[in-house]
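# A structural walkthrough
Now for the letters of each chain:
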Amino acid sequence: MRRAPSVILIVAAVVALGLVPVLAPPFYANLLVPFYGYAIALLGFNLLFGYGGLLSFGHAMFLGLGAYGAAVIAGVWGIKEFEIVLIGAALAGLVVALPLGWLVVRYTGIFFGMLTLAFGMLTHSVLFKFYHLTGGDSGMRVPRMRLLGLEFAAYNKIELMAGPFYYYCLALMLIAAFLMWRIVHSPFGLHLRSLRDNAQKALYLGVRVHQFRLAAFVISAIYGAIGGAILGFRTGLADPELVYWTHSGHLVFMTVLGGFSSFLGPIIGALALTLLQDQLQSYTQYWRFVLGAILALVVIFLPRGLAGLAADVGSFLSSPRRRPGPVQLPEHSQPGVLGPGLRRDDVA
Amino acid sequence: MTPLIETRGVSKHYGAFRALDDISIAVRAGEFVSIVGPNGAGKTTLVNLLTGLLVPTNGEVYFKGENIAGVGPVALATRGMARTFQLVQIFPQLTVAETIGAAVVTHQGKQWRLLSPLLADEAISARVAEIAGIFGLEQRLATLSRLLSQGEKKLLDVASAFALQPQVILLDEPTSGVSTAEKHTVMKTLVGAARAAGVDAIILVEHDMDLVASYSHRIIALSEGKVLADLPPDAFFADPAIIETVVGKRRGH
Ligand SMILES: Nc1ncnc2c1ncn2[C@@H]1O[C@H](COP(=O)(O)OP(=O)(O)O)[C@@H](O)[C@H]1O
Ligand SMILES: [Mg+2]
């Protein structure tokens, strides 16, 4: 019952996204392709951050891994099936994240953040220095690939991006979101949230703290690499900027802007920032300054991000007595994350 | 019969300071054992050693005949040991149902189900409702833990430990912060829950001598890191010297 309005909203949003290539000039569909890449990456990022309580400042390295993976698989090896590239990127994410995660999940808070930052910077300098392998600062070319075995030879790059690839990415995001929804609402997801809240108590309830953090780290890396493969295909390039620490900061920014305590927050943040950055860049060269100011305002005034704002407005509008005054906080401050608890009907 | 929990010559030193010194105790199935002693006597340290949170400087701790060195809290929890902490521990952003649910997931071995919906699992929700009912939390299932009253938080902390269906449960001052009037009610709930859950042994750290007297089969008094007495209640309360040490030295909490 309670969920019905949000289901309608989500369906409406998906339909609206589906209509973008039909109704808007190709520019906009092309602009939204990176949004899908970021949205997928951030779904994973927020499993680690919002649900696992671990804030990584090096997560862009996994996006880089996906983009460079695409460059190697499609460019160097010549396997131009995007599905194979996605599987390859996911495997690369898994293989890198397992040992790295094994090390870093022993730390939390600022130590985890600094360690991931350090490994991100390390990755950046490796990509930068090994010129003969990675092309150094000019990066590696990511060639055009086939989608589901289809060449789309009649489409130029913009048409491909704004048409078939756009829908491909939309579908990919929906699948990624569905799987992530299942993960966060599973018994595993509950254990992950419990260790975020209180690791010591969680241990004594039998929660395998390190293993679960590692699992979340690996899943988030896989999501990041898939998102990165999309970004690489879109720009046709895998370059070290992708793994630079400012790009990791960008991921944190989007997540905080959208709201890390709600399931859809990171997706909303990715969309908002993609559109905002485009607009700001066309108005002023000081767009970074404006973005910084916006982030500060969000942290201070909207700690639950745009998703939290939307939830508050929604519950205000749907409350039977719309009296003025402070918006009533719902009892669950994190509607998307926490859900209504176990079903009340189960109580005899 | 092997004791459920046993220590052999256990010490815990912090530098030159001996928080616990040469402790040998045993708790058997069916026993309710209270640990008493003035503040700083080493009661919490002992509970932490028994539950693997601390590693002894000397000596060994056995759970069901096995040395627990290197076993770790997670394995102990799945093998039938549960505990609560002196300072109430909650998951602030989890509901009551989710908090109990976390323990039920462990007990039912479902923690690696990554894609199956928690809410659709009847076995989990039935058990959660049952445990919540025992602790009088059934009206609060959907409430966030951080919004509970202090007393409810205490109950939830204990309820989640019981949800592991442990063989032995260690309660470190479960009634601290609870008004004297409510203490008996809380203890009644705990003991009733232990019976309902089929707990084999309870180890209770408690200051209130009335409670200790009415529930314990055996009382272990600690003082300055040593076992001062390990006696049934009759013998314990018959010795004024022990009572003097345990109660007399107490100044506040
Ligand atoms: N980590 C520690 N480092 C040094 N001393 C400690 C530490 N933990 C406890 N102690 C000391 O050990 C003694 C026993 O503490 P504790 O077991 O908490 O006592 P109780 O629970 O009986 O009040 C106290 O004097 C305390 O100050
Ligand atoms: Mg204590």
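Residues numbered from 1 in each chain as written. Chains lettered and ligands numbered in written order. Predicted model: local features only at pLDDT ≥ 70, side-chain atom pairs only at ≥ 80, totals over all residues. Heavy atoms only, no water.

Here we come to the domain arrangement of chain B. All names here are of chain B. When its domains are assigned, chain B resolves into domain 1 (1-78 + 217-253) and domain 2 (80-215). Taken together, the contact between domain 1 and domain 2 spans 33 residues of the former and 26 residues of the latter. At the boundary of domain 1 with domain 2, total buried surface from both sides reaches about 2,600 Å², with 67% on carbon and sulfur atoms. On the domain 1 side of the interface with domain 2, the three residues burying the most area are Phe32, Val47 and Ala77, jointly 20% of the side's total. Our enumeration of links across domain 1 and domain 2 arrives at zero salt bridges. Elements with a minimum of two residues in the side of domain 1 that touches domain 2: β4 (32-36), α1 (43-50), α2 (73-79) and α9 (240-248). Here the residues of the side of domain 1 that touches domain 2 are counted per class, giving 18 nonpolar, 10 polar and five charged. (Domains from an automatic or database assignment. Contact = heavy atoms within 4.5 Å. Buried area = accessible area lost by both parts, 1.4 Å probe. Salt bridge = Lys/Arg side-chain N within 4 Å of Asp/Glu carboxyl O. Helix = DSSP H or I, 4+ residues; strand = E, 2+ residues; numbered from the N terminus. Nonpolar A, V, L, I, M, F, W, Y, C, P; charged D, E, K, R; others polar.)

Let us now look at a nonpolar patch on the surface. Residues and elements named next belong to chain A. A contiguous nonpolar surface patch, about 640 Å² in accessible area, is contributed by Val7, Val11, Val15, Leu19, Val22, Leu23 and Tyr167. The leading source of residues in the nonpolar patch is helix α1 (residues 4-23), at six residues. Its location among the elements puts valine 22 in helix α1. (Patch = residues over 30% accessible without salt bridge, like charges linked within 9 Å, V, L, I, M, F, W, Y side chains within 5 Å. Areas by Shrake-Rupley, 256 points an atom, 1.4 Å probe, with all protein chains shown as cover.)

The next point concerns the sheet that holds strand β10 (residues 218-223) of chain B. All names here are of chain B. With mixed pairing, the six strands of this open sheet are ordered in space as β7-β8-β9-β4-β10-β11. This sheet does not close on itself; its edge strands, each paired only once, are β7 (81-84) and β11 (226-231). Taking the axes of each pair of neighbouring strands and ignoring which way they run, one obtains an average angle of 15 degrees across the sheet. Packed onto the sheet, helix α5 (residues 150-162) meets β7 and β8 (168-172) and runs at close to 175 degrees relative to β7. (Pairing = 2+ DSSP bridges. Axes fitted to C-alpha atoms, helices over the stretch in contact; angles between N-to-C directions.)

All names here are of chain A. For helix α12 (residues 245-258), which comprises 14 residues, the first-to-last C-alpha distance of 20 Å matches the rise-based estimate of 20 Å (1.5 Å per residue) to within 8%. With 11 of 14 residues buried, α12 is to be regarded as a mostly interior element. Burial in α12 covers these residues: His247, Ser248, His250, Leu251, Val252, Phe253, Met254, Thr255, Val256, Leu257 and Gly258. Buried residues along α12 sit against α2 (26-51), α3 (60-76), α11 (209-235), α13 (265-283), α14 (287-301) and α15 (305-318). Immediately downstream of α12, the backbone of glycine 259 shows phi near 115 degrees, a positive value. (Expected span 1.5 Å × (residues − 1). Buried < 20%, exposed > 50% of the residue type's maximum accessible area, 1.4 Å probe, protein only.)

Turning our attention to the coordination of the magnesium ion (ligand 2). In this structure, Thr44 of chain B (OG1) and Gln86 of chain B (OE1) serve as the protein donors to the magnesium ion (ligand 2), at separations of 2.0 to 2.2 Å. Here threonine 44 of chain B, found in helix α1, pairs with glutamine 86 of chain B, found in the loop between β7 and α3 (96-107); they are 42 residues apart in sequence, far enough to count as distant. (Donors = N, O, S within 2.8 Å, 3.2 Å for Na, K, Ca; no water.)

Let us now look at the site of ligand 1. Residues and elements named next belong to chain B. The environment of ligand 1 is made up of Tyr14, Phe17, Ala19, Pro38, Asn39, Gly40, Ala41, Gly42, Lys43, Thr44 and Thr45. Interatomic distance of 3.3 Å between a backbone N/O atom of alanine 41 and an oxygen atom of ligand 1. Here an oxygen atom of ligand 1 and a side-chain polar atom of threonine 45 are 2.5 Å apart. For the shell around ligand 1, the secondary-structure elements that each account for two or more residues are β2 (17-23) and α1. Per-element tally for the shell around ligand 1: the top contributor is α1, with three residues. When grouped by side-chain class, the residues that make up the shell around ligand 1 number five nonpolar, five polar and one charged. (Near = heavy atom within 4 Å. Polar contact = N/O pair within 3.5 Å; in protein donor to acceptor, adjacent residues only side chain to side chain.)

Quick look at the side chain of glutamate 31 of chain B now. Residues and elements named next belong to chain B. Relative to the assigned elements, glutamate 31 resides in the loop between β3 (26-27) and β4. One polar contact links glutamate 31 to arginine 218, side chain to side chain, over a distance of 2.8 Å. If we ignore the near neighbours within four places in the chain, the residues touching glutamate 31 are Ala26, Asp200, Ala201, Ile202, His217 and Arg218.

A word on the interface of chain B and chain A. Taken together, the contact between chain B and chain A spans 51 residues of the former and 39 residues of the latter. Here chain B packs against chain A, burying approximately 4,200 Å² in sum over the two surfaces, 64% of which is carbon and sulfur. For the chain B face of the interface with chain A, the top three residues by lost area are Phe91, Gln93 and Leu119 of chain B, together amounting to 15%. Taken together, the links from chain B to chain A amount to two salt bridges. Salt-bridge contacts for aspartate 157 of chain B lead to lysine 201 of chain A; the nearest nitrogen and oxygen are separated by 2.8 Å. Put simply, chain B and chain A have 16 residue pairs in polar contact (both at pLDDT 80 or more) between them. Of the residues forming the side of chain B that touches chain A, the biggest block, eight residues, is contributed by α3 of chain B. Of the residues belonging to the side of chain B that touches chain A, the class tally is 28 nonpolar, 15 polar and eight charged.

It is worth spelling out the side chain of serine 216 of chain B at this point. Residue and element names in this part refer to chain B. Looking at where serine 216 falls in the secondary structure, it is placed in the loop between α7 (209-215) and β10. Within the structure, the side chain of serine 216 is placed 2.6 Å from the side chain of serine 34, a separation counted as a polar contact. Within the local environment of serine 216, its side chain forms a polar contact with the backbone oxygen of valine 212, the two atoms lying 2.6 Å apart. Excluding anything up to four places from it in sequence, serine 216 contacts Phe32, Ser34 and Pro233.

In this section: the packing of aromatic side chains. Taken as a whole and assessed by the stated rule, the structure comprises 23 aromatic pairs over all chains. Both rings, one in tryptophan 181 of chain A and one in phenylalanine 263 of chain A, keep their centres 5.0 Å apart while their planes meet at 90 degrees; by these two values the pair is edge-to-face. Within this pair, whereas tryptophan 181 of chain A is found in helix α8 (residues 164-184), its partner phenylalanine 263 of chain A is found in the loop between α12 and α13, the two being separated by 82 residues in sequence. The class for phenylalanine 263 of chain A is buried, based on a relative accessible area of 6%. Ring pairing ties together the aromatic residues Phe35, Tyr36, Tyr166 and Tyr167 of chain A, which thus form one cluster. Its guanidinium or amino end placed over the ring of tryptophan 102 of chain A, arginine 106 of chain A lies 4.4 Å from that ring's centre, counting from NZ or CZ. The ring centre of tyrosine 204 of chain A lies 5.4 Å from the NZ or CZ of arginine 83 of chain B, which sits over that ring. (Phe/Tyr/Trp six-rings, centres within 6.5 Å; stacked < 30°, edge-to-face > 60°. Lys NZ or Arg CZ within 6 Å of the ring centre and 35° of its normal.)

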